[in-house]
Each structure stands twice: as C-alpha cells, then as structure tokens.
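Observations on the three-dimensional arrangement
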Amino acid sequence: MRPVLCARLYPHVALEADAAGQVAARLNDHWLSIGGFGAGIAERLHDLRVGVPLAALTSGRNSKGLGPLAMRLARHGLMEFALKAPGDGEDLVIIEPQTADYWPAAAALEDADILVLSRFAYMRRRGSEMVLESPRARALFRLCDPQIAAAIAALSTPRSVRRLRRDGSGASPLLGLLADCQIVFKVDVANDIGLRQVEGDESLVFWDFHDLLFHARSTEGRQANPLGGVYPHLGFAAAPPAVRPAWPGKKIGLRAGAAADGHEELLPLAKLLRERVSTRAFDAAAPITIAELARFLENTARVLSKETVDSDGGPAFEYTARPYPSAGASYELELYLAVDKCDGLARGFYHYDAGQHALVPLGVGTAEVRALLTGSQFAMDAPAVPQISIIIAARFGRVSWKYSALAYALILKDVGVLTQTFYLMATQMGLGGCAIGTVDIDLFAKITGIEFHIEGPVGQFALGRPSQWPPGAT
Ligand SMILES: Cc1cc2nc3c(=O)[nH]c(=O)nc-3n(C[C@H](O)[C@H](O)[C@H](O)COP(=O)(O)O)c2cc1C
C-alpha cells in the first residue's frame, strides 16, 4: 500500500454552508464568502476537515461540489495537503502552499532518472517542526517523520530513482512532488560541468543561495508568511526608541560650527530635502501630464552615455552613466509604469527604455494594471490608486555576474538611492511621490512572462500631482 495524499482545511479555518449551498470561511474572526457549491454541500464540509484523498476530489460525485470547493479554498490559502501513511493514516508530510495557484502535482519520474537536491533547498526548525523549503518552491513541506528528513538529506549526492524506490527510502513517495517544486531536480550523470551550472536556466546560476531566499521571502507573491506592519512582537518586547540613547561622555555641540562656516542660510538642496514629504493622495481632476512624466524620467533615470571599459583590471564591461549612482555602475534597475491617470498617456503598463528615453507599452490587460495599482493603494492605505505606480525591477544577473555574496544587498541599496532621487525630483517639480515597501513578485512575473529570478520588482514609487500643495500641509 502506498501513502495517500489528502487535501484538508487548515486547523484554524472554519467553514459554514447555508441550505442553498453558499459557503463561507471563518479565519481569525473574519468571514470570507467562498461561493455557491450546490445544496447538500453542508453535509460534506466535515470531510474537508478530516481530509479527502486528492484522487477522490476530482472524480465521481465530488467533481461538481467538494472538488471545486477545495480548489477555491486552496486559492484563498485555506487548504493544506497531507501525505498519510497507509494503515494508521499518520501524517508523514504536510504540504503548505506558498502561492495561491499551488495544487499538488507529481513530476513524472522514470527509474533511470538521477535526482539531486537543489542548492536552494534547506531544512530548518520552525516552532517544534522540521520544514523543508526552497525559494524556488511553490510549497513548503513539513516533515513529520525523521526518516524522511534523513532520506532527503541523503539526496545531496545524486541518486537514481530506481535505487531510491528499491531501498524503500522514506522520501520515495514524495519524489515527484519535490521535483514538481524544484526542491530536487534531474541531472545527467554524464554531464560533469557542475551541479550549480546544470540547475535551472542560465540565469539561475548567477544567484547565491542567501540572495534568492532573501528576495523570495522579503517580497509578496511567493510566500505565505504574515507580511508588512503587523507588529509581530507587540506585547513581548518594547519598541526600540526613535532616537538612539546617547553614548556617555562629553558632547561636542555642532551648532556653533555651522555658524562659523558662514553658511547660516539653508542651501537650495537642504531646502529641498526639508520640503520633501511622502504624498499618498493625488489630484484626480488635474493628473500629471506626459510632459511632466518625460521630464521626471529624463532628469532621474535616463542613460546619459555608454562606454565599454576594463575596470580594475577585470574583463571588459559595458557601462552607462545615469543621474543617480549605482553599485559598480551596474545600473541594473529597470522602470515599469502602471499608469492610471496621466494626461496624454493611455492607462496601461509601460517599460521605460532608459537608453532611448521612450515608453514601450507592454499590452497588459486592464485587470492586471488594476491589480498593480490597487496593490500600491493598499500599501499606502491611500484613498485611491496612485496616478502612476513606478515598479523598480532589477536585472539581477547584471550585478551578480560580477559580485559574489553581496549582489542582492547592493541591488536594494541601489533602490534606496533611486528612491531618494525620485523623491527630490518630484518635490522640485511640484509633484508628489511615495516609496512603497512591498511588491508582488509573482504578479509581475505573470504579467511580464519573465521568471522571477531573471528580472523582477525590488521597489515601487507612487507618483502624481498632489491633491494639495505643499503636499505635507494639513
Ligand atoms: C523604503 C521605504 C519604504 C516605504 N514604504 C511605504 C509603504 O509601503 N507605504 C507607505 O505609505 N509609505 C511608505 N514609505 C514612506 C514612509 O512612510 C515615509 O517616508 C515616512 O513616514 C516619513 O514621512 P515623509 O516621507 O513624509 O517624510 C516608505 C519609505 C521608504 C523610504
């Protein structure tokens, strides 16, 4: 007998159905309407609490009621999947989806296939459980049986599926699911160019383990952890103070020094820095114009010149100069614009071609543009969507081709530099802007068709004409 894969509700979710078959889910005192699934569904809800074999969900009487309900619940992040031992039905492994579109599927494996663990896979203690994760995976695996953990650890050396199946390895029923999640992958033993080189596509090789993990776990879209300002330590630890307590000892006051310098008046840049504020509400009646947008982009992000040079005795490399500084002159950041209202420019999604100083429409549907803009609105807790949301994406390989270990950190620092450049230019031009700390990397990948590890969002900036001037006035 083989282990059985079941779908079941997360323990913290409750379901109710009315006589007409309308189902609602309760999660942390919030009710969520799930939809209509036919009269009689109420009697079947308990099955989802206990767990229903996946195969049974898509067949027979379940194909119209319970099956579609389970899939809808999974899209809302309310379902987990358990691989249960034959006989006693004990949980061997529990699969927690990390993306809304995850549904367990086993990759086809032949006996002759050779499998090895991904260099991005890792096991760690979470609470009192052992979890197996990877930033490439659309699901996390909770390992309930230490023998399975040991069998997976042994896959750091390539092994044949035949051998894994013959040894009765605890991991064997899981292999197809792990391969589907890119936690293990097939290798060609005849190929000896190195496991790093043969995993994934030619862009994945650039990524260090910690960088890809940091990227996937510090953005939205590819993880199911609580994200954002949820005050996770409230009640356990006091907030660190706004200003660092002073070091003991004699202080050297600096006020007298500034006066002695003869510069008591504010410098123009100092004035601009003090005028700068975050603007979250925009003037719907007088949107930003395309001429203003063009000027803003030209003065902040346009390529000013291009040359190929040998830097530090390294290989010849093509460099550009732009108005803001960039680590190693990499200039890996690309600007994508989700436009709601801009006088002279149609609503849509555009790439800013910084070399040609031009906008290229990407032909993205209105629903996707709305999803991007409402994501920005939500992150700013704003009354309406911004006139423009500038998505700052990175061509990751441009930095990691050169820099080992610190590539992703450099990219985020570049985002900070560009963000302040945007803030200051918006202030100077009488426009308003606001940095946005979150971004959905999976949504961007779906919209552009570019895999998340090749080019993807690392920052966002809302831009438009402020609904009041000066924007910070109350
Ligand atoms: C990296 C970064 C991320 C930010 N993310 C958000 C955000 O997601 N939502 C938001 O409303 N403001 C965001 N802000 C704006 C800050 O809340 C704002 O800068 C801060 O409150 C100081 O106010 P001021 O910019 O008006 O001086 C962000 C700012 C920075 C620099």
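Residues numbered from 1 in each chain as written. Predicted model: local features only at pLDDT ≥ 70, side-chain atom pairs only at ≥ 80, totals over all residues.

With that out of the way, let us pick up the domain arrangement of the chain. By the assigned domains, the chain splits into domain 1 (4-206) and domain 2 (268-464). Between the C-alpha centres of domain 1 and domain 2 there is a distance of 36 Å. Between domain 1 and domain 2, the contact holds four residues from the first and seven residues from the second. Along the lines of polarity and charge, the residues of the side of domain 1 that touches domain 2 split into two nonpolar, two polar and no charged. (Domains from an automatic or database assignment. Contact = placed C-beta atoms within 7 Å. Nonpolar A, V, L, I, M, F, W, Y, C, P; charged D, E, K, R; others polar.)

Next up on the list: the sheet that holds strand β2 (residues 13-17). Strand order in the open sheet formed by three strands is β2-β3-β4, and the pairing between neighbours is antiparallel. Because the sheet does not close on itself, it has two edges, and the strands there are β2 and β4 (30-36). Each neighbouring strand pair of the sheet contributes to a mean axis angle of 25 degrees, computed without reference to strand direction. Where strand β3 (residues 22-27) meets β4, six bridges bridge the pair, whose relative direction is antiparallel. For L27, the partnering residue across the bridge sits in β4 and is H30. Contacts between helix α3 (residues 66-75) and the sheet are confined to β3 and β4, with β4 contributing the most and set at about 140 degrees to the helix. (Pairing = 2+ DSSP bridges. Helix = DSSP H or I, 4+ residues; strand = E, 2+ residues; numbered from the N terminus. Axes fitted to C-alpha atoms, helices over the stretch in contact; angles between N-to-C directions.)

Near the ligand the following residues occur: V277, S278, R280, A379, M380, T419, C434, A435, I436, G437 and T438. At the level of secondary structure, the elements contributing two or more residues to the shell around the ligand comprise α12 (366-380) and β20 (432-436). The biggest single contributor to the shell around the ligand is β20, with three residues. (Near = placed C-beta within 6 Å.)

Turning next to helix α15 (residues 441-448). The complete set of buried residues in α15 reads I441, D442, F444, I447 and T448. Where α15 is buried, its residues meet β17 (348-353), α12, β19 (388-395) and β21 (455-464). Phi turns positive one or two residues past the end of α15, at G449, with a value near 75 degrees. (Buried ≥ 20, exposed ≤ 12 C-beta atoms within 10 Å, placed from the backbone.)

Turning next to the pairing of strand β8 (residues 114-117). Each regular strand carries side chains that alternate between the two faces of the sheet. On β8, burial follows the alternation: L115 and L117 on one face are buried, whereas I114 and V116 on the facing-out side are not. As judged from the two bridges shared by β8 and strand β12 (residues 159-160), these two strands associate in the antiparallel manner. By the bridge assignment, L115 is partnered in β12 with R159.

Here we come to the nonpolar core. Core analysis: the largest hydrophobic core is formed by 109 residues, its most contacted members being V93, L175, V184, L337 and I392. Here the element with the most residues in this core is helix α14 (residues 407-428); it accounts for nine residues. Inspection of this core shows a minimum of three residues originating in each of domain 1 (4-206) and domain 2 (268-464). Once residues within four sequence positions are removed from consideration, I392 is found in contact with L333, L335, V415, L418, P457, V458, G459, Q460 and F461. (Core = buried A, V, L, I, M, F, W, Y, C linked by C-beta atoms within 7 Å.)

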